[in-house]
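Spelled out from the first residue to the last, the chains are:
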Amino acid sequence: MVMCGKGMLGSVLASYRGGSDCLEFEEFQDEIRFRVAVLGDDPQVADCRSRTAVSNDLAISHRLSLLIGRGKYDLGEDSSFSIRSINVGMWQDDRVDGCRVSLRFEVMAKRRDTITALRSTLVTHCGARVCETVTTFDIIPPSLVNFIRRGRGFLNFADVALDEGRSCLAKVSDSHFEYVPSEKDRISDGRRVDHVPALTLIDIAASVEGVVGGRGDISGLSAEFLAYADPRAAFDIFRKNGRGSAEFFQKKQLVATVRCQ
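This text gives an overview of the structure that appears in the document. This is a predicted model, so every value here is computed, not measured.

What counts and how
Think of each chain on its own: its residues are numbered from 1, step by step along the sequence as written. Side-chain atom pairs in this predicted model are given and counted only at pLDDT of 80 or more, local residue features only at pLDDT of at least 70, and totals for whole chains, interfaces and linings cover all residues. Working from all heavy atoms in the structure, the side-chain values ignore hydrogens and water. Disulfide assignment relies on a single distance test, namely cysteine sulfur atoms paired within 2.5 Å. For helices the rule is a DSSP run of H or I covering at least 4 residues; for strands it is a run of E covering at least 2, with both sets numbered from the N terminus onward. Note on exposure labels: buried denotes an accessible area under 20% of the residue type's maximum, exposed denotes more than 50%, and partly exposed covers the range between, all computed with a 1.4 Å probe on protein chains only. Every residue pair with non-hydrogen atoms within 4.5 Å of one another is taken to be in contact. For our purposes a nonpolar core is just a set of buried Ala, Val, Leu, Ile, Met, Phe, Trp, Tyr and Cys residues, chained together by side-chain atoms within 4.5 Å. Two strands form a pair only when DSSP identifies at least two bridges running between them. Axis definition: a line fitted to C-alpha atoms, limited for helices to the stretch in contact. Angles are taken between N-to-C directions and run from 0 to 180 degrees. The directions from the helix axis to the C-beta atoms form the arc being described. Think of a salt bridge as a Lys or Arg side-chain nitrogen and an Asp or Glu carboxyl oxygen that are within 4 Å of each other.

Let's shift gears to the state of the cysteines. For the structure shown, the criterion picks out one disulfide. At a sulfur-sulfur separation of 2.0 Å, the disulfide partner of Cys99 is Cys126. Taken as a pair, Cys99 in strand 4 (residues 99-111) and Cys126 in strand 5 (residues 114-126) lie far apart in primary sequence, 27 residues in all. Just so you know, Cys48 is unpaired, no disulfide at all, and the nearest cysteine sulfur is the one on Cys260, 13 Å from it. Free of any disulfide, Cys131 has its nearest cysteine sulfur in Cys126, 9.2 Å distant.

Quick look at the side chain of Asn56 now. Considering the arrangement of structural elements, one finds Asn56 in helix 2 (residues 55-73). For Asn56, a relative accessible area of 16% corresponds to the buried category. Non-local contacts of Asn56, meaning those with residues more than four positions away in its chain, are made with Gly40, Asp41, Asp42 and Val45.

Moving on, we come to the nonpolar core. Phe34, Leu39, Leu64, Leu221, Phe225, Phe235 and Phe248 are the most contacted members of the largest nonpolar core, which totals 54 residues. The element best represented in this core is helix 4 (residues 198-212), accounting for seven residues. In contact with Phe248, other than residues within four places in its own chain, are Leu201, Ile204, Ala205, Phe235, Asp236, Ile237, Gln253, Leu254, Val255, Ala256 and Val258.

So, about the sheet that holds strand 8 (residues 176-180). Pairing in this open sheet of twelve strands is antiparallel, and the strands run 1-2-4-5-6-3-11-14-13-12-8-7 from one edge to the other. Of all the strands in the sheet, the pair left with one neighbour each is strand 1 (22-27) and strand 7 (168-173). Each strand of the sheet is rotated relative to its neighbour by a mean of 15 degrees, with strand direction disregarded. Here twelve bridges tie strand 3 (residues 80-92) to strand 6 (residues 129-140), and the two strands are oriented antiparallel to one another. Residue pairing across strands places Val88 opposite Thr133, the latter belonging to strand 6.

Our next topic: the pairing of strand 1. Pairing of strand 1 with strand 2 (residues 31-36) involves five bridges; the strand directions are antiparallel. Residue Phe25 lies in a different strand from strand 2, and its bridge partner there is Phe34. Between strand 1 and strand 2, which pair antiparallel one after the other, the connecting turn spans three residues.

A separate point is helix 1 (residues 6-13). For the α-helix, the turn length of 3.6 residues means that residues three or four positions removed from each other point alike. Within the span of helix 1, buried status applies to Leu9, Val12 and Leu13. Burial along helix 1 is one-sided: seen end-on, the buried residues are contained in an arc of 95 degrees. Lining the buried residues of helix 1 we find strand 1, strand 2 and helix 2.

Moving on, we get to the pattern of salt bridges. Across all of its chains, the model carries 19 salt bridges by this definition. One salt bridge connects Arg63 with Asp42, and the closest N-O pair in it is separated by 2.6 Å. Here Arg63, found in helix 2, pairs with Asp42, found in the loop between strand 2 and helix 2; they are 21 residues apart in sequence, far enough to count as distant. Here Arg63 matches Asp42 in class, with each residue buried. Linking Arg70 and Glu77 is a salt bridge whose minimum nitrogen-to-oxygen distance equals 4.0 Å. When salt bridges that share partners are traced, they join Glu24, Arg35, Asp97 and Arg100 into one network.

If you trace the backbone, Ile115 turns up in strand 5. A relative accessible area of 9% places Ile115 in the buried class. Sequence-wise, Ile115 and Asp138 are 23 residues apart; in three dimensions their C-alpha atoms are separated by 8.8 Å. The contacts of Ile115, once residues within four sequence positions are left out, are Tyr73, Val107, Ala109, Lys110 and Ile139.

See the structure below:
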């Protein structure tokens, strides 16, 4: 395992709008802890439709988990971090000075000394607000990534733009919606990817819940990602029991479930 150092974190904090420099930093074998006066907004939040209370925590967790996780476990850029599940909880606690952040990793599975699953837990304690984001990733090696893309006929994903200029959400019934992705829906941190990212699916679910369910915000969520989310195909979205649960289907296959709290 590699010790990542304060410099790597500094490059991330510098990209946050309204953020501040790192005031304290500690690094352990499987965890980093730091304090800032203000954490700031992750650049990915600017593209969110819903802008929920947990949007920034999700974006920060995703960015730091990939950056620090790759560094600590020597997982190159050509390995893929595929999100299997996300759980977010938010609560009030004793007020602290500024914002205290911890990011902890657990190796969930290995095959022949190669990490195949990793879990990250990000806790942000800003003022009196605490948010915990737990994300489980499947780690896919480069050879398998290319094999999967070839099977999907999408090896050239980085060079091909989608035809749809704008995404479209259409109501089929009170509990059924159809969503046609656009090129924007497969952009992750400014880069074109071969799928609709997990955070985008969560954002779509939160948007549907806010508009249809009449909710102004959410304080937590749980989400599972069960199959490939193809940006070239439409989604059927079903709201379950009117309780903030959305199921995403493509070609009658369940792709993801998002439960807003």
